[in-house]
Amino acid sequence: MDPVVVGLLGIVLLLVLFLFNMPVSFAMAFVGFVGFGYLVGWEASVSLLVSDLFSMLSNYPLNVIVLFVLMGSFAFAAGMSGRLYDSANKLAGKIPAGLAVATILACSGFAAICGSTAATAATIGRVSLPEMQRFGYSKRMSTGCIASAGSIGILIPPSTIFIVYGILTEQSIGSLFAAGILPGIVLTVLFILTVLAVFALGHDTAPSGQPYSFLDKLRALWRIADIFLLFVLSIGGMFLGWYSPNQAAGVGAAGALILGLLHRELTWKKFFDAAREGLRTSCMIMMLIACASVFGKFMAVTTIPANLSIWVSELQLPNIGIMALICVFFFIGGCFIDAMALIMLTIPIIYPVILQMNYDPVWFGVVIVLISQIAVVTPPVGINVYVIKGIAPGVPIENIFRGTFPFLLAMVVLLMGVLIFPDLVLWLPGILNP
Amino acid sequence: MQFIRQWATRLSIWGEWIGVGGILIMVVVTCADVLGAKLFTTPVPGSTEIISLVQVAAIVFAVAGTQRYKGHISVEMFITKMSPRIRSMVQAVTSLLGVILFSLLIYEGFQLGNRYLESGEVTATVQIPFYPFAYAFSLALVPVAVMLLVDFIEAMKKAEN
């Protein structure tokens, strides 16, 4: 049988196994093994399966994922989310929809020490949701705001999706992290403007917060100075070339642990729970990467990625049209499959097309992350929405989805901005890595 | 069947503790390496090799625990819409495929360990032998295969009923 046909059948089988609820990583390894065995030989395929998994799981650059995930887990256990929210609340003070603004600021702050959208939404949501409900915020507004603001977690470094994308495409993780900072700040501002606009238009109830004196605000900033220091020490140290991304992640994890101990927030139970939680998340991501590698080898022998590049080059479409199609594909795919899994599945196939069109891989990484952000709050999968549903079981899921709609608009505006003005993304990496 | 599941669960819990130990070793070695290199110009010799091998052990020993907590990403929205009988049949099929996959990994992981042992392959700097980690890779996946086998048998029983 023609390798391309085998490859297409493999993709269909993979989608069927996804729909049948088989874990995505296991399904990719299984289909990769079967497809490679059919095309190349069963002995080679069995050997590939185990050697690929062993070599990927023992791959030193991947250690950055484990350690940054652990940093986020320790930061959560150390109660940093509570302090961040409290300080953001005081800084927002009496401005309209102050608690919602504080939630967005706290999510951005927590995103600087945690690379996961779900963890950011869950962590800040547990602190901010009761407060917003206490002050009479509408359930739709409060839950939608947290679910959306949590998505900033994968844009501001450290971001697990940037790391995975960087490893898959052999791009500098430092450059990708730098590329996410400015869009992350712009998105934070856009989210705040969205909250203010919703409030001003009177579509939702979002009362102002309490007034705080300038001294209170300074004290609030001082209370989170150590978290800022942790970010500077870990991510900043990496940008300054003090150490590698792996070492930055290790320093970050140790720093979060030490801060937890200094603030007497970290009990033995919290410490081990955080370590186990971090281990499970790392295991999930690492298994996805390792199994995607097996599937990627299968795709390579089918010649589908190479053929796709040729096919795209023959299309009578401008590059921006092809990019729009890729964005639509990722958006639709992201509605049904977890963003991380989708990236691992599709990047090995789509990446050669991006290179062929001479798009900057770092810029494309940010585009992918932005689309992933949209996917985490759109139905039917919208992982962040389900996370918030877990915190607020009394709020109907469709209400939370509806609450995210205004923020979706902000994300689309930023995506358009990044597509039209690539310098928004590439300016900072250009300065930090000239 | 319950006894086997309990046995696999216990193994997965032990595996998780090994994994936790592993990730903490990674943090300690990384920090020692940074401090050693920056303050005393003496980085930990072979730190990348130590971390790489500890990493493979930590992650594979956590696979069963992650599976127990349904931590591996999967698409649930379609299966929830199936009738209980069809759902059980589908679960039986996916569990069986998982059993095949992990049985192969366990067997071939063991073979990989044998090959490393025979060839005496070690890491370049600190000469850590690879074979214990290949055997650990194989051993750590046993509870995953057992859990999936139990899932398969239970799903088959449900489908029959």
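Scroll up a little and you will see the structure.
The model shown is predicted, which means the values in this text are computed figures rather than measured ones. (Residues numbered from 1 in each chain as written. Chains lettered and ligands numbered in written order. Predicted model: local features only at pLDDT ≥ 70, side-chain atom pairs only at ≥ 80, totals over all residues. Heavy atoms only, no water.)

Applying the stated rule across the entire model yields 21 aromatic pairs over all chains. A cation over a ring is seen here: Arg 280 of chain A above Tyr 69 of chain B, with NZ or CZ 3.7 Å from the ring centre. (Phe/Tyr/Trp six-rings, centres within 6.5 Å; stacked < 30°, edge-to-face > 60°. Lys NZ or Arg CZ within 6 Å of the ring centre and 35° of its normal.)

What follows concerns the interface of chain A and chain B. The partner chain B presents 54 residues to the 54 residues of chain A that form the contact. Surface buried jointly by chain A and chain B totals about 5,000 Å² across both partners, of which 80% is contributed by carbon and sulfur atoms. The largest share of the area that chain A buries against chain B comes from Phe 54, Leu 279 and Arg 280 of chain A, three residues that together contribute 15% of it. Viewed at the interface, chain B and chain A are joined by one salt bridge. Glu 16 of chain B is paired through a salt bridge with Arg 280 of chain A; the nearest N and O atoms lie 2.6 Å apart. (Contact = heavy atoms within 4.5 Å. Buried area = accessible area lost by both parts, 1.4 Å probe. Salt bridge = Lys/Arg side-chain N within 4 Å of Asp/Glu carboxyl O.)

Residue and element names in this part refer to chain A. One can describe the packing of helix H1 (residues 3-19) onto helix H2 (residues 24-39) by two numbers: an axis separation of 10 Å at closest approach and a directional angle of 155°. The angle between H1 and H2 falls in the class roughly antiparallel. Here H1 and H2 pass one another in a crossing that is right-handed. When H1 is examined against H2, the residues Pro 3, Val 6, Gly 10, Leu 13, Leu 14, Leu 17 and Phe 18 are found in contact with a partner set consisting of Val 24, Ala 27, Met 28, Phe 30, Val 31, Tyr 38 and Leu 39. (Axes fitted to C-alpha atoms, helices over the stretch in contact; angles between N-to-C directions. Helix = DSSP H or I, 4+ residues; strand = E, 2+ residues; numbered from the N terminus. Parallel < 35°, antiparallel > 145°, perpendicular 65-115°, else oblique. Left-handed = near helix turned anticlockwise from the far one by under 90°.)

Turning next to the nonpolar core. By size, the foremost hydrophobic cluster in this structure holds 218 residues, and its most contacted members are Met 28, Ile 65, Phe 330 and Phe 364 of chain A together with Phe 102 and Phe 137 of chain B. The element best represented in this core is helix H14 (residues 268-302) of chain A, accounting for 18 residues. Residue contacts for Phe 137 of chain B: discarding those within four places in its chain leaves Val 50, Leu 53, Phe 54 and Leu 57 of chain A together with Val 56, Val 60, Leu 105 and Gly 109 of chain B. (Core = buried A, V, L, I, M, F, W, Y, C linked by side-chain atoms within 4.5 Å. Buried < 20%, exposed > 50% of the residue type's maximum accessible area, 1.4 Å probe, protein only.)

This part is about helix H12 (residues 225-239) of chain A. All names here are of chain A. Over its 15 residues, H12 extends 20 Å from the first C-alpha to the last, a length consistent with the 21 Å expected when each residue adds 1.5 Å. At Leu 233, H12 is deflected by roughly 30°, the largest bend along its length. Among the residues of H12, Asp 226, Ile 227, Leu 230, Phe 231, Ser 234, Ile 235, Gly 236, Gly 237, Met 238 and Phe 239 are the ones counted as buried. Buried-residue contacts for H12 involve helix H4 (63-77), helix H5 (80-92), helix H10 (173-200), helix H11 (214-223), helix H13 (245-262) and helix H21 (423-432). The first or second residue beyond H12 is Gly 241, which carries a positive phi of 80°. (Expected span 1.5 Å × (residues − 1). Bend = angle between axes of the 7 residues up to and from the residue.)

With an omega of 0°, the peptide bond running from Pro 157 of chain A to Pro 158 of chain A counts as cis. Looking at where Pro 158 of chain A falls in the secondary structure, it is placed in the loop between helix H8 (139-150) and helix H9 (160-169). We note that Thr 303 of chain A has phi near 65°; this positive angle belongs to a residue other than glycine. The exposure class assigned to Thr 303 of chain A is partly exposed, which follows from its relative accessible area of 35%. For Thr 41 of chain B, which is not a glycine, the phi torsion comes out positive at approximately 50°. The topology assignment puts Thr 41 of chain B in the loop between helix H1 (2-39) and helix H2 (47-68). Given a relative accessible area of 66%, Thr 41 of chain B falls into the exposed group.

This brings us to the side chain of Gln 55 of chain B. Mapped onto the secondary structure, Gln 55 of chain B falls in helix H2. Residue class for Gln 55 of chain B comes out buried when judged on its relative accessible area of 0%. Aside from chain neighbours lying at most four places away, what touches Gln 55 of chain B is Met 56, Leu 57, Ser 58, Asn 59, Leu 62, Asn 63, Val 66 and Met 286 of chain A together with Met 26 of chain B.

Moving on, we come to the side chain of Gln 373 of chain A. Position of Gln 373 of chain A among the secondary structure elements: in helix H18 (residues 361-375). When near neighbours in sequence (up to four residues on either side) are disregarded, Gln 373 of chain A contacts Ser 151, Ile 152, Ile 154, Leu 155, Leu 187 and Met 411 of chain A.

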